[in-house]
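Coordinates in review
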Amino acid sequence: MDGEEDYLQRKGGSSSQSMHNADGSPVIPGEEKDWDGAFNSEKHGDLGDMTFCMANYVKEAMKMMFMMRSHHMLTDVILEVGSELFHAHKVILAAASPYFKAMFTGGLKECEMTRVKLQGVCPTAMARLMYFMYTGQIRVTEVTVCSLLPAATMFQVSNVIDACCVFLERQLDPTNAIGIANFAEQHGCHNLYHKANQFIVQHFSQICQEEEFLQLSAIQLVSLVRKDELNVQEEREVYNAVLKWVKYNEEARGPKMEHILHAVRCQYLTPNFLREQMKNCDVLKKMPACREYLAQIFKDLTLHKKPIVKERTPNTPRIIYIAGGFLKHSLDTLEGYNADDKTWTQHAKLLVPRSGLGGAFLKGMFYAVGGRNNSPGTRYDSDWVDRYNPVTDQWRPCSPMSVPRNRVGVAVMDGLLYAVGGSAGKEYHNSVEYYDPDQDTWTSVKPMHVKRLGVGVAVVNRLLYAVGGFDGVNRLNSVECYHPENDEWTMVSPMKCCRSGAGVASLGQYIYVVGGYDGSSQLNSVERYDTERDIWEIVSSVTIARSALSVTVLDGKLYAMGGYDGQIFVNIVEIYDPAQDRWEEGVPMTSSRSGHASAVSYHQCPMHCDHLDHNIALEKNPT
């Protein structure tokens, strides 16, 4: 059969067996070497017994059967398909198709019939299937697959079904994925259906722009938007997709919107977005129940209640990115740690070397904020902000902050990037500003009560916490909390230890503070703040006391990376499991460093990222 490798099988046989050519004629001694392409043989034992396997025998026999069918030689059945007749051999049909095997060997009336009329299949598809049954070859195209797969399914020709599924899988595209999933489901192709749905979930941001998305039924739409693994940068994409689907046929679909909204994770929309929707959305104006539902969510968000639904967890590579840092001088490196295969990889270098910078992921982009370029021949604190696109492996500058900020605290809240404290030379900041990635602008908010260099920041339930730091005189144990609704900072319970340069991250309702410097030595102690009870408690310490480390969260665990132990820079990575209250050693960084930034990327969506880069490029270069 074409496309398959010839093979040779060798085993013992009868001692009386003589050697013949493929056509049955006897072998002339000394001519065996001329047959290497046709068969091979081997002696076994003292008797010289030999068994032969003719490599092309089956292929040639089927070729002859195909020729005989073409000339109606020895055919014993005629298949009537529409207005066309197909002469065939029952034994070939039965061998290739369980459907025909049952028809011709199962005691049905067709067993004795020489002419069988088939329903539910078109002549073109039948001709292609018949060709496959005799040759083992099938040509699948975008035009033929729609009739070929149903026919192959009907006659249970599994090889052709598999070929059609492989073809369709390779054709998956945002414009056709939903159609292929529906087609696969109709014909019981479970593996193809699963892969098409994986594609839909992975490329939701593109697929919801296509016509096929608008043709989904309400049940299909709800099933899709409920999926945990839906790959979106922010929940606004899901909400907008649902709204677009409703507007496509508002009269029929409007009454279903309230039910569909419950499948959207509206608790992860921002209050500003919800306020704008309730005020200006024409669809919501006609649906009081939907407005009331969103109003309740708005109220819960502004009261900083814990969300009752969990965040989505797209099935994309989980990468911890580490940018910059200090080792003898400021670094321009960007590295990524793949948590799935436990490897570090190098990525595009920072535009400017820097240490003491802040880092965060926002809408699929990694932002490097502030820091200091402390390199031979130069030393200055930076107001620079650069954005890294993981899809294109490129950095682009964004609008700078209002002031330089070295050893700045950075966090994301309500789709905005907050820069907290830091210093410019000997000037220590209590000022705070946020960056809007859609507008590429910075806006100042109410300053903190205390100046903080080396401050740690974290967000829990839409509240921004600033933890510890150095005010120019003392290391701090004080903690304050920013409420975006009233633009105010309030003091909360202080830490048990004074710390600057600690690693800070939130996990659930807790804010963890790892290591740091208390003014006399590096710390290995770890404490956490319970935001619901306003208390601090000590948990297990890290192995090595260090400051200027970074801490980030992945898969419900803390990763404490790098830092300075008071004498040397370290590359150690320790991983904390809160369920076990235990640290364990992870894969170390590729080199030692301190003062680096780290953040985790769960989402990658090329179309969204390219679109964002394009928008900011237009803002900077309108021409």
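In what follows, the structure referred to is the one given above.
Nothing here was measured: the structure is a model prediction, and the numbers come from that model. (Residues numbered from 1 in each chain as written. Predicted model: local features only at pLDDT ≥ 70, side-chain atom pairs only at ≥ 80, totals over all residues. Heavy atoms only, no water.)

Our focus in this paragraph is the packing of aromatic side chains. Tallied over the entire structure, the rule returns 29 aromatic pairs. One aromatic cluster is present, built from ring pairs that chain together Y321, F361, F366, Y388 and W395. Taking NZ or CZ as reference, R69 lies 5.3 Å from the ring centre of Y134, over its face. Its guanidinium or amino end placed over the ring of F470, R475 lies 3.9 Å from that ring's centre, counting from NZ or CZ. (Phe/Tyr/Trp six-rings, centres within 6.5 Å; stacked < 30°, edge-to-face > 60°. Lys NZ or Arg CZ within 6 Å of the ring centre and 35° of its normal.)

Turning to the nonpolar core, a few remarks are in order. If you look at the biggest cluster of nonpolar residues, it comprises 87 residues, and the most contacted ones within it are L79, F100, L118, M126 and F213. Excluding its chain neighbours within four sequence positions, the residues that come into contact with L79 are E84, L85, F86, L93, F100, V116, L118, M126 and M130. (Core = buried A, V, L, I, M, F, W, Y, C linked by side-chain atoms within 4.5 Å. Buried < 20%, exposed > 50% of the residue type's maximum accessible area, 1.4 Å probe, protein only. Contact = heavy atoms within 4.5 Å.)

One pass over the full model with this rule turns up 27 salt bridges. A salt bridge links K349 to D332; the nearest nitrogen and oxygen atoms lie 3.9 Å apart. You can see K349 sitting in the loop between β8 (343–346) and β9 (358–362) and its partner D332 sitting in the loop between β6 (329–330) and β7 (334–338), a full 17 residues away along the chain. Residue classification places D332 among the partly exposed positions, given a relative accessible area of 24%. Where D381 meets R372, a salt bridge forms, and the shortest distance between an N and an O atom there is 2.6 Å. (Salt bridge = Lys/Arg side-chain N within 4 Å of Asp/Glu carboxyl O. Helix = DSSP H or I, 4+ residues; strand = E, 2+ residues; numbered from the N terminus.)

To continue, consider the sheet that holds strand β31 (residues 569–577). Spatial ordering of the open sheet is given by β29-β30-β31-β32, a layout of four strands whose pairing is antiparallel. Both outer strands of the open sheet, β29 (550–554) and β32 (582–585), are each paired with one neighbouring strand and no more. The mean inter-strand angle of the sheet, taken between neighbouring strand axes irrespective of direction, is 25°. (Pairing = 2+ DSSP bridges. Axes fitted to C-alpha atoms, helices over the stretch in contact; angles between N-to-C directions.)

This part covers the sheet that holds strand β20 (residues 441–445). Pairing is antiparallel across the open sheet formed by four strands, whose spatial order is β15-β16-β19-β20. What marks the edges here is a single partner per strand, and that holds for β15 (409–413) and β20. Going from strand to strand, the sheet's axes swing by 25° on average, the running direction of each strand aside. For strand β16 (residues 416–420) and strand β19 (residues 432–436), the ladder comprises four bridges, and the chain directions are antiparallel.

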